[in-house]
Amino acid sequence: MKRLLYISTARSILKSTEFDDLLVKSRKANFAADITGLLVVGGRRFLQVLEGPDQNVTATYKRIAADPRHFALVKLHDREITRRAFASWAMGYEQGGVAADTATLEQQIAALVGPIADPTLRAYFTGFVETHLPA
Ligand SMILES: Cc1cc2nc3c(=O)[nH]c(=O)nc-3n(C[C@H](O)[C@H](O)[C@H](O)COP(=O)(O)O)c2cc1C
């Protein structure tokens, strides 16, 4: 099993109906593939964690990376795990905060996870990222 975390930028902000459709389809596909995770959306940024069987996570990430609705994906974390940290959702959703366009990657991530009310959940993100930011 593995956990993969990435950040990306939307080409344009999705309408709420488009976003709902994306979530419904993602949850269905993830449930079928035994994938759990969380998607944080703040302005044009997406921060997503995917957990599950190695091959399924890899295949899902490949499809997501090829999706024209976003670009500039940066993989922040890709690790073998023995336990899921996001076991409850086929794909949870959290509204994230927005950083200035000039913000560094660290600042973008801090802004995204800032509004997450559950401190354990927030700490998971900052924990994964701190040790795995690309140099
Ligand atoms: C930000 C973002 C997150 C996504 N998350 C998932 C996901 O968790 N699972 C999934 O199956 N598809 C997800 N998708 C959708 C895929 O990119 C893709 O559209 C979908 O899997 C259908 O792929 P297909 O048209 O090649 O069959 C996401 C797309 C975006 C833009």
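Quantities reported herein were computed from a predicted structural model and do not represent experimental measurements.

So, about the site of the ligand. Around the ligand sit 15 residues, and of these Asn30, Gln48, Arg63, Asp67 and Arg69 come closest. Take Arg63: an N or O atom from its side chain is 2.3 Å from an oxygen atom of the ligand. The separation between an oxygen atom of the ligand and a polar side-chain atom of Asp67 is 2.6 Å. Taking 620 Å² as the accessible area of the ligand by itself, protein coverage stands at 73%. Those elements that provide at least two residues to the shell around the ligand are helix 1 (16-32), strand 3 (45-52) and helix 2 (54-65). The element contributing the most residues to the shell around the ligand is helix 1, with four residues.

Turning to the confidence of the model for the chain, a few remarks are in order. In the predicted model, the chain carries a mean pLDDT of 93, and the fraction of residues at 70 or more is 96%. Summarising per-element confidence for the chain, the mean pLDDT is lowest in helix 4 (residues 119-130) (83) and highest in helix 2 (98).

In this section: unusual backbone geometry. With phi around 60°, Asp34 is a residue other than glycine that occupies positive phi space. Secondary-structure assignment places Asp34 in the loop between helix 1 and strand 2 (36-42). Phi is positive for Ala72, close to 55°, though the residue is something other than glycine. On the secondary structure map, Ala72 appears in strand 4 (residues 70-80). Classification of Ala72 by relative accessible area gives partly exposed; the value is 47%.

Conventions and cut-offs
- Residues numbered from 1 in each chain as written.
- Predicted model: local features only at pLDDT ≥ 70, side-chain atom pairs only at ≥ 80, totals over all residues.
- Heavy atoms only, no water.
- Near = heavy atom within 4 Å.
- Polar contact = N/O pair within 3.5 Å; in protein donor to acceptor, adjacent residues only side chain to side chain.
- Areas by Shrake-Rupley, 256 points an atom, 1.4 Å probe, with all protein chains shown as cover.
- Helix = DSSP H or I, 4+ residues; strand = E, 2+ residues; numbered from the N terminus.
- pLDDT = per-residue confidence, 0-100.
- Buried < 20%, exposed > 50% of the residue type's maximum accessible area, 1.4 Å probe, protein only.

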